[in-house]
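Residues per chain are reported as follows:
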Amino acid sequence: MTPPLAGCVAVVTGGTGALGQAVTLRLLAEGAIVAIPYAVEAERDGLRARVAPADRPRLVTEPVDVTDLTAMTAFAESAVAACGKIDILVAGVGGFAGGALLETDAATWRRMLDLNLGSAFAAARAVVPHMARAGYGRVVLVASGAVVPPAGGFIAYTVAKAGVI
């Protein structure tokens, strides 16, 4: 029996992190080719170690700053050149920093917005044009139920993930 996602190409940002590895392993198990822009080499190595040998040829990884639109656009173009298309985007990269408004410095604010919201924008902006040209695509943006309803104590994270929602 042919796996349900055989022939599909998925881009998974955050695909080497904890949640991202689960998503990546599931997509591979369902037959998809999975392209992952990554930042942390040790996480990439950990993912590769978990991937079944039969699935390894369908895993593509490349070091990319997912908050950089130019870098993500180049990654998407590379994925299309190598795989022919992109059918699925899972924008799952993210990070957490706690702190109420008066405890949050400007650098943390910008980092949370860039990592959680800016990365989702860069990924979608880089990938969706390829989907639009192909007339098909599915986009999944990962937010957080922890910010609905908003709670105090982690304002930068809450604002960024609410933006994703």
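Our structure is the block above this text.
To keep things clear, this report deals only with the structure shown in the data block. Since we're looking at a predicted model, the values are computed, not measured.

Rules and cut-offs
Starting afresh in each chain, residues are numbered from 1 along the sequence in its written order. Thresholds applied to this predicted model are a pLDDT of at least 70 for local features of residues and 80 or more for the giving and counting of side-chain atom pairs; totals over whole chains, interfaces and linings are not thresholded and use all residues. To get the side-chain values, all heavy atoms of the structure are used, and hydrogens and water are removed first. Only DSSP runs of H or I reaching four residues or more are called helices, and only runs of E reaching two or more are called strands; each is numbered from the N terminus. Atoms counted for the radius of gyration: C-alpha only. Globule rule: 2.2 Å times residue count to the power 0.38. Only protein chains enter the accessibility calculation, which uses a 1.4 Å probe; a residue is then buried when its area is under 20% of its type maximum, exposed when over 50%, and partly exposed in between. The contact rule is simple, with two residues in contact once any of their heavy atoms fall within 4.5 Å. To be clear on the numbers: accessible area is Shrake-Rupley with a 1.4 Å probe, and residue cover counts the displayed protein chains and nothing else. By the convention used here, strands pair only if DSSP detects at least 2 bridges between them. To obtain each axis, a line is fitted to C-alpha atoms, and for helices this fit is confined to the stretch in contact; angles are then taken between N-to-C directions over 0 to 180 degrees. The path from the first strand over the helix to the second decides the hand: if it runs clockwise while the strands point away from the viewer, the crossover is right-handed. Note on aromatic pairs: the rings of Phe, Tyr and Trp (six-membered ring only in Trp) are paired at centre separations within 6.5 Å, and the planes decide the class, stacked below 30 degrees, edge-to-face beyond 60, tilted for the rest.

**Examining the overall build of the protein**
Reasoning step 1: Secondary structure assignment for the protein yields 5 helices and 5 strands.
Reasoning step 2: Start at the N end of the protein and walk to the C end: the helices and strands fall as β-α-β-α-β-α-β-α-β-α.
Reasoning step 3: Expected size for 165 residues packed as a compact globule is a radius of gyration near 15 Å; at 16 Å, the protein falls within 12% of this value.
Reasoning step 4: Each of the three principal axes of the protein carries a C-alpha extent, and together these read 55 × 35 × 25 Å.
Reasoning step 5: The buried share among the 165 residues of the protein stands at 40%.
Reasoning step 6: Across the protein, every contact between residues at least 6 apart in sequence was considered, and the portion connecting residues at least 24 apart equals 67%.
Reasoning step 7: When the accessible area of the protein is evaluated, it comes to approximately 8,300 Å², of which 61% is carbon and sulfur surface.

**A look at the sheet that holds strand 4 (residues 88-91)**
Reasoning step 1: Spatially, the 5 strands line up as an open sheet ordered 3-2-1-4-5, and their pairing is parallel. The open sheet is flanked by strand 3 (59-63) and strand 5 (138-141), the only strands paired with a single partner. Along the sheet, successive strands turn relative to each other by an average axial angle of 15 degrees, direction set aside.
Reasoning step 2: Strand direction decides the pairing type here: strand 2 (residues 33-38) and strand 3, joined by 5 bridges, are parallel. Paired with A35 across the strands is V60, a residue of strand 3.
Reasoning step 3: Along the sheet, helix 2 (residues 41-50) makes contact with strand 2 and strand 3, crossing strand 3 at roughly 175 degrees.

**Points about the pairing of strand 2**
Reasoning step 1: With respect to burial, strand 2 is a largely interior element, 5 of its 6 residues being buried.
Reasoning step 2: Note: strand 1 (residues 9-13) against strand 2, 3 bridges, orientation parallel. By the bridge assignment, V11 is partnered in strand 2 with A35.
Reasoning step 3: Handedness of the β-α-β unit built from strand 1, helix 1 (residues 18-29) and strand 2 comes out right-handed.
Reasoning step 4: With helix 2 bridging strand 2 and its parallel neighbour strand 3, the resulting β-α-β unit is right-handed.

**Observations regarding the packing of aromatic side chains**
Reasoning step 1: Taken as a whole and assessed by the stated rule, the structure comprises 3 aromatic pairs.
Reasoning step 2: The interplanar angle of 55 degrees and the centroid separation of 5.6 Å between the aromatic rings of F96 and F154 together place this pair among those described as tilted. Of this pair, F96 sits in the loop between strand 4 and helix 4 (106-134) while F154 sits in the loop between strand 5 and helix 5 (155-164); the two residues are 58 residues apart in sequence, bridging distant segments of the chain.
Reasoning step 3: F96 gets classed as exposed once you look at its relative accessible area, which sits at 53%.
Reasoning step 4: Among the aromatic residues, those joined into a cluster by ring pairs are F96, F154 and Y157.

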